[in-house]
Amino acid sequence: MMETHFNVSMDEYLPLRDVVFKTLRQAILLGELKPGERLMEIQLANKLGVSRTPIREAIRKLELEGLVLMIPRKGAEVAEIKEKSLRDVLEVRKALEELSAELACDRITPEMIEELREAAGHFRKMLKGADVTEIAKADVRFHDVIYKAADNQRLMQLLSNLGEQMYRYRVEYLKDPAVHGKLLKEHEEIINCIKRGDKEEAVKIVCEHIDNQVTAVSDVIRTKKG
């Protein structure tokens, strides 16, 4: 019998399947549903007071994000956080972020610089709260402004697809309050470099930004294994 406890965040503006997906996703990201834990459709449906259809749809979407694994003859279970997977995702992200920063240096408008500053301010504000998924959303928003400033639709599509696979590692990184000050400093430096069109420095800071994430999350993974 499943002993997991997590909250259902019923949002009247979202379709039921999206509410179920959001609830299960948050439960995984916050560790309320543990790596290796089986996702039993009937038990989850009873727990959330829904039919099995939105549960099945949510599990399918979670599998696409890499949060859930479908095991032959066993069914769905919460995916382990693996260091190799982390490095694979972040190596690709680093290359795309470098390109985004370079293009943004050439193409960003004064209005977008203000949007970037506003996003950085929103991130700072979210850090004062305890909701790590809201902090992660604010971090995504900051980087999204840079992608928009790069003005390349194909690049944005690739980063959007990768963002789904990135989200779990981003949340894991942001759980540690010790990194928050460093992130604020990096965001400020990225804004200043892009504003003055300094591609070399912007790329350098973006690379450090992601390398710090790889190191921190790798340490978490090794600690959990140990």
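See above for the structure.
Residues numbered from 1 in each chain as written. Predicted model: local features only at pLDDT ≥ 70, side-chain atom pairs only at ≥ 80, totals over all residues. Heavy atoms only, no water.

Caption draft 1: Spotlight on the nonpolar core. Residues Leu24, Leu39, Ile55, Phe123, Phe142 and Ile194 are the most contacted members of the largest nonpolar core, which totals 71 residues. Top contributing element to this core by residue count: helix α6 (residues 132-150), with ten residues. (Core = buried A, V, L, I, M, F, W, Y, C linked by side-chain atoms within 4.5 Å. Buried < 20%, exposed > 50% of the residue type's maximum accessible area, 1.4 Å probe, protein only. Helix = DSSP H or I, 4+ residues; strand = E, 2+ residues; numbered from the N terminus.)

Caption draft 2: Representation of the pairing of strand β1 (residues 68-71) in the model. The pairing of β1 with strand β2 (residues 75-78) spans four bridges and is classified as antiparallel. Following the sheet pairing, Ile71 is matched in β2 by Gly75. Connecting the antiparallel pair β1 and β2 is a turn made up of three residues, with Arg73 showing a positive phi of about 65°. (Pairing = 2+ DSSP bridges.)

Caption draft 3: A look at the packing of aromatic side chains. Counting across every chain of the model gives zero aromatic pairs. In this arrangement the basic side chain of Arg25 is found over the ring face of Tyr167, its NZ or CZ atom lying 4.1 Å from the centre. Its end group placed over the ring of Phe21, Lys61 keeps NZ or CZ at 4.2 Å from the ring centre. (Phe/Tyr/Trp six-rings, centres within 6.5 Å; stacked < 30°, edge-to-face > 60°. Lys NZ or Arg CZ within 6 Å of the ring centre and 35° of its normal.)

Caption draft 4: Spotlight on the pattern of salt bridges. In total, this model carries 21 salt bridges according to the counting rule given. Residues Glu65 and Arg25 are paired through a salt bridge, measuring 2.9 Å at the closest nitrogen-oxygen approach. In this pair, Glu65 is assigned in the loop between α3 (52-64) and β1 and Arg25 in helix α1 (residues 16-29), connecting sequence segments 40 residues apart. A salt bridge links Glu97 to Arg93; the nearest nitrogen and oxygen atoms lie 2.9 Å apart. (Salt bridge = Lys/Arg side-chain N within 4 Å of Asp/Glu carboxyl O.)

Caption draft 5: Here's a closer look at the side chain of Glu172. Mapped onto the elements of the fold, Glu172 is located in helix α7 (residues 153-174). For Glu172, the residues in contact, after removing those within four places along its chain, are Ile81, Val217, Val220 and Lys224. (Contact = heavy atoms within 4.5 Å.)

Caption draft 6: The arrangement of α7 in detail. Remark: the principal bend of α7, roughly 50°, maps to Met166. Listing the buried residues of α7 in full gives Leu155, Leu159, Leu162, Met166, Tyr167, Arg168, Tyr169, Arg170, Val171, Glu172, Tyr173 and Leu174. Of the residues that open α7, the one with a side-chain oxygen 3.1 Å from the backbone nitrogen of Arg154 is Asn152. (Bend = angle between axes of the 7 residues up to and from the residue. Polar contact = N/O pair within 3.5 Å; in protein donor to acceptor, adjacent residues only side chain to side chain.)

Caption draft 7: Seen up close, the side chain of Glu186. Within the secondary structure, Glu186 is located in helix α8 (residues 180-196). Of the side chains with opposite charge, Lys182 lies nearest to the buried Glu186, which makes no salt bridge, at 5.9 Å. A distance of 2.7 Å separates a polar atom in the side chain of Glu186 from a polar atom in the side chain of Asn212. If near-sequence neighbours (up to four positions away) are discounted, Glu186 is found in contact with Ile205, Glu208, His209 and Asn212. (Lys, Arg positive; Asp, Glu negative; His and termini not counted.)

Caption draft 8: Representation of the state of the cysteines in the model. Scanning the entire structure with this criterion turns up zero disulfides. Cys105 forms no disulfide, and the closest cysteine sulfur to it belongs to Cys193, at a distance of 7.2 Å. For Cys105, a relative accessible area of 11% puts it in the buried group. The cysteine Cys207 is free of any disulfide, with Cys193 supplying the nearest cysteine sulfur at 12 Å. (Disulfide = S-S within 2.5 Å.)

These values are about where atoms sit, not about what they do.
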